[in-house]
Amino acid sequence: GSGDLLKAEGLNFSTPGDMTTLLTKIYRGQVVNRWVSDEMLSVMGRQHVKWGIPKYLPSEVRVANKTGTLAYVKNDAGIVFLDNRPYVISVFTSKAPSRPFGTTWVAQISRIVYDWRMGDVESEYGYVN
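Described in the following lines is the structure provided in the data block. Each chain carries its own residue numbering, running from 1 in the written order of its sequence. The model is predicted, so local features are restricted to residues of pLDDT at least 70 and side-chain atom pairs to those at 80 or more, both for listing and for counting; the totals for chains, interfaces and linings are taken over all residues. Side-chain measures were taken over the full set of non-hydrogen atoms in the model, leaving aside hydrogen atoms and water.

Description of the overall build of the protein
Right, on to step 1. Regarding its fold elements, the protein presents four helices and five strands.
Right, on to step 2. Ordered by position from the N terminus, the helices and strands of the protein form the series α-α-α-β-β-β-α-β-β.
Right, on to step 3. Using a 1.4 Å probe on the protein chains alone, a residue whose accessible area is under 20% of its type maximum counts as buried, one over 50% counts as exposed, and one in between counts as partly exposed. Taking all 129 residues of the protein together, the buried fraction comes to 33%.
Right, on to step 4. For the protein, restricting intrachain contacts to residue pairs at least 6 apart in sequence, the fraction spanning at least 24 positions comes to 39%.
Right, on to step 5. Areas reported as accessible are Shrake-Rupley estimates using a 1.4 Å probe. Residue values count occlusion only from the protein chains shown. If you sum the accessible surface of the protein, you get close to 8400 Å²; carbon and sulfur atoms cover 56% of it. Comment: elements are numbered from the N terminus, with helices defined as DSSP H or I runs of at least four residues and strands as E runs of at least two. By definition, residues are in contact when any of their heavy atoms lie within 4.5 Å.

Remarks on the sheet that holds strand S2 (residues 73-81)
Right, on to step 1. Any two strands with at least two DSSP-identified bridges between them are counted as paired. One open sheet holds the three strands; their spatial order is S1-S2-S3, and the pairing between them is antiparallel. Strands at the two margins of the open sheet, each flanked by one partner only, are strand S1 (62-70) and strand S3 (87-92). Across the sheet, the axes of successive neighbouring strands diverge by a mean angle of 10°, strand direction being ignored.
Right, on to step 2. Alignment of S2 against S3, held across six bridges, turns out to be antiparallel. Bridge assignment links Asn 75 to a residue of S3, and that residue is Phe 92.
Right, on to step 3. Here the axes come from fitting lines to C-alpha atoms, over the contacting stretch only for helices, and the angles between their N-to-C directions go from 0 to 180 degrees. Against the sheet, helix H3 (residues 34-46) touches S1 and S2, its axis set at about 70° to S1.

Comments concerning the environment of Gln 108
Right, on to step 1. With respect to the element layout, Gln 108 can be found in helix H4 (residues 99-118).
Right, on to step 2. For Gln 108, a relative accessible area of 40% corresponds to the partly exposed category.
Right, on to step 3. In sequence terms Gln 108 and Lys 55 are 53 residues apart; their C-alpha atoms lie 8.5 Å from each other.

Some details on the packing of helix H2 (residues 16-27) against H3
Right, on to step 1. Two numbers describe how H2 lies on H3: the axes approach to 8 Å, and their chain directions differ by 120°. In this view, H2 runs oblique relative to H3, as classed from their interaxial angle. Judged by residue contacts, Leu 23, Ile 26 and Tyr 27 of H2 engage Arg 34, Ser 37, Met 40, Leu 41 and Met 44 from H3.
Right, on to step 2. For the contact of H2 with H3, the class distribution of residues is six nonpolar, one polar and one charged. Angular relationships are summarised with four words: roughly parallel below 35 degrees, roughly antiparallel beyond 145, roughly perpendicular across 65 to 115, and oblique for the angles in between. The residue classification treats Ala, Val, Leu, Ile, Met, Phe, Trp, Tyr, Cys and Pro as nonpolar and Asp, Glu, Lys and Arg as charged. All others, Gly included, are polar.

This is the structure:
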């Protein structure tokens, strides 16, 4: 059953780079075909787990994401659909002091990336675009 994957420690893993590559290919319609890719994005966009990437983003911003949770591991990977500037983001945490810390880290990193993409992050040289 599905619980077997949780017991396969060391065998059941991925990286943020893996997820970013996969989501980029899904977005571009390169995994199977355009119709199937669009259906995958639609399913991801309808999921109800919002503690990660979408949590601190404006409610009107569409996000298609997939979360992952194990003991003290909180991950989220997804596509943020900004007008004419969509982006893929994958945030994986491990060894967080608690699950709430992990979920907060993912959501905060997502907001930092969103602000950066919107040009709202100030660096020592001014605003970054």
